[in-house]
Amino acid sequence: AKVPSPWAPVEDDPALPRVLLIGDSISIQYTLPTREALAGKANVHRPPTNCGGTPNLVRHLDMWLGPGRWDVIHFNSGIHDIKRPGGKRVVTPRQYEKNLRIVVQRLKKTGATLIWCSTTQSPEAVCGAPAKDFVTYNAVARKVMEENGIRVNDLYSFSLPRLHEIQIPVNSHFTPEGSKVLATQVSSAISKALETREPKKGP
């Protein structure tokens, strides 16, 4: 059977809230299992591309957001920023922070509940960056999010102890089962955000 594309257009159920997943190829991997986990609870969309690093996010964010209304936006960007091809950083921590602040201010205007998803670790042999860089950049992102009252889905801490089980060896990406494991954390974070947006019932 043909596996559906994670960015195939989703037919909205007007009775359900709308969720947007923005992120790199790791988020592409967990899009389908997240959509399955939230079936009947939310319409889960994603931009039709790998969103890459924060410079790309800043350039194309308006296009990816589109004209529609979003209830929850779960967003992530980091591995492409952290990479060190030839030993040189693609984006410095200072520039990463600056870019994230631009993205956050734009996203806040949507009125959606925002969830930042921390970057999962990539092997140094793949991205050229030492493990400590992931701690550094995730700390920069957490600072920006906390200052803006945005909840953080700490996928880094969630996945780190089990990387040897769920990540493809010498690869940034995850096995199909690993993607499902990530999706449990992502769908849980989105579910909690949706619960806070629902009007309270009763007197």
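Keep in mind that what you see is a predicted model, and the values were worked out from it rather than measured.

Participant: Would you take a moment to explain the nonpolar core for this structure?
Facilitator: As a rule of thumb, nonpolar side chains are buried together in soluble globular proteins. Of all hydrophobic cores here, the largest spans 53 residues; its most connected members are Ile22, Tyr30, Ile73, Phe75 and Ile190. Per-element tally for this core: the top contributor is helix H9 (residues 176-197), with seven residues. Dropping the residues within four chain positions of it, Ile22 is found in contact with Ser27, Pro47, Cys51, Leu57, Leu61, Leu65, Ile73, His74, Phe75 and Asn76.

Participant: Can you help me understand the pairing of strand E4 (residues 113-117) in this one?
Facilitator: It is a general feature of regular strands that their side chains alternate between the two faces of the sheet. A large share of E4 lies buried, amounting to five of its five residues. Bridge analysis of strand E3 (residues 72-75) against E4 gives four bridges, and the strand direction is parallel. Bridging across to E4, Val72 finds its partner in Thr113. Pairing analysis gives three bridges linking E4 to strand E5 (residues 151-153), with the strands arranged parallel. Counterpart to Trp116 in the pairing with E5 is Val152.

Participant: Just checking my understanding: could you explain the environment of Pro176 for this structure?
Facilitator: Considering the arrangement of structural elements, one finds Pro176 in helix H9. Linking Pro176 and Tyr30, residues 146 residues apart in sequence, is a C-alpha distance of 8.8 Å.

Participant: Quick question: what am I supposed to make of the pairing of strand E1 (residues 18-22) here?
Facilitator: With five of five residues buried, E1 lies mostly within the body of the structure. Pairing between E1 and strand E2 (residues 43-45): three bridges, direction parallel. Across the sheet, Arg18 pairs through a bridge with Asn43, a residue of E2. Since E1 and E2 lie parallel, the crossover through helix H1 (residues 25-37) that links them has a hand, and here it is right-handed.

What counts and what doesn't
- Residues numbered from 1 in each chain as written.
- Predicted model: local features only at pLDDT ≥ 70, side-chain atom pairs only at ≥ 80, totals over all residues.
- Heavy atoms only, no water.
- Core = buried A, V, L, I, M, F, W, Y, C linked by side-chain atoms within 4.5 Å.
- Buried < 20%, exposed > 50% of the residue type's maximum accessible area, 1.4 Å probe, protein only.
- Helix = DSSP H or I, 4+ residues; strand = E, 2+ residues; numbered from the N terminus.
- Contact = heavy atoms within 4.5 Å.
- Pairing = 2+ DSSP bridges.
- Right-handed = clockwise from strand over helix to strand, strands pointing away.

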